[in-house]
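Residue-level structure breakdown
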Amino acid sequence: MDFNTGGEKIPNFRLNKELIKVNDLVYDNTTEQAVELDYVLPDYYPEIFRIVKTTLTPRIVSRSYTAGRLTFEMSVVANILYLSENSNALQSIGQRLNYTKTVELGKPYLNINAQIIPRTDYVNCRAVNSRRIDLRGAIAIKVKVFAENPLEIIADAFGMNTRLKKRPIKYIANKNTGSKHMNIEEDYAIPANAPAVNSIIRTNAVVFPGDKKIIAGKLSVKGDAVIEILYSYEKDGQTGLEPLRITVPFHQIVDVDGIDDSYLAEAIYEIAGVDVTPRAENDGEARKLEIELDVNVLVTAIRQGNAEIVTDAYSTKYPLDYTRNEIELAEPPVVLNENISEKDSIMTEDVAISGIYDAWAEVNNIAATPDYDNKTITVSGNILSSAAVYDADNMPYILEHDDGFTHTIPYEELTAGTIVSAEVIPTTVSSALASENEVVVKTDLAVSVNVYNSAR
């Protein structure tokens with residue numbers, strides 16, 4: 001603030017300033033990782049006659065940040081399903097490929113928070129011959145980095161007959177983060193009424209959060225890890241696929257420096273890897289599964305601050321000039337949770353379906369869009385519904401269909417400065433045979449929306 005005193009001696013004048021923290025988006029981009037695999041089948045694998053399905057599953061294993069550089073480790077599991085000649089037994093090849101990626105942020109930042117979301121862009125696979133596979137694909141990785149920047153504001157002024165207009169604000173005074181790598185190991189015995197394992201066809205894992213509690217400098221988290229498994233079997237001359245859904249409870253303590261009961265803490269669970277290994281017993285049948293699940297627990301704890309910020313000023317005695325800057329202060333987030341269901345029909349003219357082994361779903365391209373006029377938030381994305389089916393000759397097929405979905409959530413506190421983000425997790429998937437050419441897949445989704453109101 002500058003005053004024109006007309007040559008008079010300047011009376012005592014004092015400004016009270018306060019340092020607050022602003023959470024800025026400092027990086028927002030998509031990078032790509034090429035995936036290539038030239039694979040020769042081991043001698044104990046049957047020869048390739050027809051490739052049924054190929055998938056790439058990317059997972060973020062770890063991340064680190066030093067001197068303006070974000071580095072993360074990513075694993076990509078290539079899974080190739082195929083049939084050998086004159087056989088209905090589905091075979092599976094699994095290969096893990098590891099990559100290191102680095103993102104240059106331009107300059108060092110304090111207390112960054114990185115969102116890293118990988119997804120399969122494309123995958124192509126061909127059999128070069130009956131024992132050799134050539135795979136090409138790419139992973140698109142969406143990276144967003146937020147960083148805290150200190151900002152000095154004027155909270156009060158004294159002297160010079162100054163009059164102030166103030167506005168009370170809420171802001172994130174402190175943001176503390178912590179992380180922990182959680183390794184879950186479980187030995188699972190195949191039920192007596194289920195067939196022994198021949199080959200693991202598909203694995204997936206989902207974490208369902210439970211109770212959490214702040215202890216001085218730590219966050220206690222509980223929940224359930226659900227491991228989905230589809231395996232092939234051969235029994236009494238018949239082949240088939242058998243699904244399993246195994247629930248493993250967990251309890252972990254994550255160190256988060258400086259947090260106490262004045263903080264609000266949230267935990268994100270990032271699946272870093274899931275391995276399922278069949279183990280044979282004395283009779284040679286594989287009736288035990290060794291399960292190893294790696295999860296990164298990422299904790300963000302925030303404490304709300306309150307302040308009054310000067311938005312206008314004048315003097316009753318002196319002309320006064322000031323410079324106004326517009327800033328945006330994020331308030332502590334509000335979390336909206338809803339459960340929804342979506343149905344999808346998978347149609348096929350190539351297969352006369354006799355039955356369904358299993359069905360599953362993947363959600364991608366999630367977006368959250370605020371409608372400020374109607375006070376609603378629309379969550380949208382794509383559901384890739386898949387079904388493992390068989391025909392009258394017991395020949396297995398993998399069918400899939402990609403379809404979009406939208407869901408609208410009312411929120412009366414929506415303002416022009418509100419920022420929203422969403423997470424959508426499939427919780428349960430069921431299927432039914434509508435006809436010999438149609439499978440109906442119903443997916444229950446847990447929708448979680450973070451709402452960040454802000455003051456300008």
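Look up a bit, the structure's there.
These figures come from a predicted structure and were not determined experimentally. (Residues numbered from 1 in each chain as written. Predicted model: local features only at pLDDT ≥ 70, side-chain atom pairs only at ≥ 80, totals over all residues. Heavy atoms only, no water.)

A closer look at the environment of Ala67
This is how it is decided: Runs of E in the DSSP output that reach at least two residues are strands. Runs of H or I that reach at least four are helices, and both are numbered from the N terminus. The cut-offs for exposure are 20% and 50% of the maximum accessible area for each residue type, with area from a 1.4 Å probe on protein chains only; residues under the lower value are buried, those over the upper are exposed, and the others partly exposed.
Looking at the secondary structure, you find Ala67 in the loop between strand 3 (50-66) and strand 4 (69-83). Its relative accessible area of 69% is what places Ala67 among the exposed residues. Considering only alpha carbons, one finds Ala67 and Lys107, 40 residues apart in sequence, at a separation of 7.1 Å.

What to know about the sheet that holds strand 16 (residues 334-347)
What counts, and what does not: The pairing criterion is simple: DSSP has to find at least two bridges between the two strands. For every element, the axis is a line fit to its C-alpha atoms; helices are fit only across the contacting stretch, and the angle between N-to-C directions ranges from 0 to 180 degrees.
What the three strands build is an open sheet, ordered 16-21-20; its pairing is antiparallel. Looking at strand neighbours, the two that pair on one side only are strand 16 and strand 20 (419-435), the edges of this open sheet. Put simply, the sheet's adjacent strands are angled 15° from each other on average, direction ignored. Strand direction decides the pairing type here: strand 20 and strand 21 (residues 438-452), joined by 15 bridges, are antiparallel. Across the sheet, residue Val424 finds its bridge partner in strand 21, namely Val447.

Some thoughts on the packing of aromatic side chains
The following threshold applies: Between 30 and 60 degrees the pair is tilted, below 30 it is stacked and above 60 it is edge-to-face, where a pair is any two Phe, Tyr or Trp rings, Trp via its six-membered ring, whose centres lie within 6.5 Å.
Enumeration according to the criterion identifies three aromatic pairs in this entry. Ring centres of Tyr357 and Tyr390 lie 4.6 Å apart, and the angle between their planes is 40°; on these two criteria the pair is classed as tilted. One end of the pair, Tyr357, is in strand 17 (residues 353-371); the other, Tyr390, is in strand 18 (residues 376-391), with 33 residues separating them in the sequence. Judged by its relative accessible area of 14%, Tyr357 is buried.

A closer look at the sheet that holds strand 13 (residues 286-315)
Paired through their backbone hydrogen bonds, the strands of a sheet run either parallel or antiparallel. Strand order in the open sheet formed by three strands is 8-13-12, with antiparallel pairing between adjacent strands. Every interior strand has two partners, whereas the edge strands, strand 8 (162-189) and strand 12 (264-280), have only one. When strand polarity is set aside, the average angle formed by the axes of neighbouring strands in this sheet is 10°. The pairing of strand 8 with strand 13 spans 27 bridges and is classified as antiparallel. Across the sheet, Met182 pairs through a bridge with Val295, a residue of strand 13.

Some details on unusual backbone geometry
The phi dihedral of Asn86 falls on the positive side, at around 60°, and the residue is not glycine. Its place among the elements puts Asn86 in the loop between strand 4 and strand 5 (91-104). The exposure class of Asn86 is exposed, given its relative accessible area of 78%. The backbone of Asn161 sits at a positive phi, close to 50°, despite the residue not being glycine.

Some thoughts on the pairing of strand 12
The sheet contact formed by strand 12 and strand 13 spans 16 bridges and is antiparallel. Among the inter-strand pairings, Val274 is bridged to a residue of strand 13, identified as Leu293. The turn joining strand 12 and strand 13, which pair antiparallel and follow one another in sequence, is formed by five residues; a positive phi near 90° is taken by Gly284.

Considerations on the environment of Ile409
Spelled out, the test is: Only heavy atoms matter for contacts: two residues are in contact if any of them lie within 4.5 Å across the pair.
Note that Ile409 resides in strand 19 (residues 396-410). Separated by 67 residues in sequence, Ile409 and Glu342 place their C-alpha atoms 16 Å apart. Contact partners of Ile409, with chain neighbours within four places excluded, come to Leu336, Glu338, Lys375, Thr376, Ile377, Val447 and Val449.

Quick notes on the environment of Asp371
Condition: Between N or O atoms, a polar contact is any pair within 3.5 Å; within protein, one atom must be a potential hydrogen donor and the other a potential acceptor, and residues adjacent in sequence are included only when both atoms are from side chains.
With respect to the secondary-structure elements, Asp371 resides in strand 17. Judged by its relative accessible area of 27%, Asp371 is partly exposed. Those residues in contact with Asp371, other than ones at most four positions away along the chain, are Thr376 and Leu414. Of note is the side chain of Asp371, whose polar atom sits 3.2 Å from the backbone nitrogen of Asp373.

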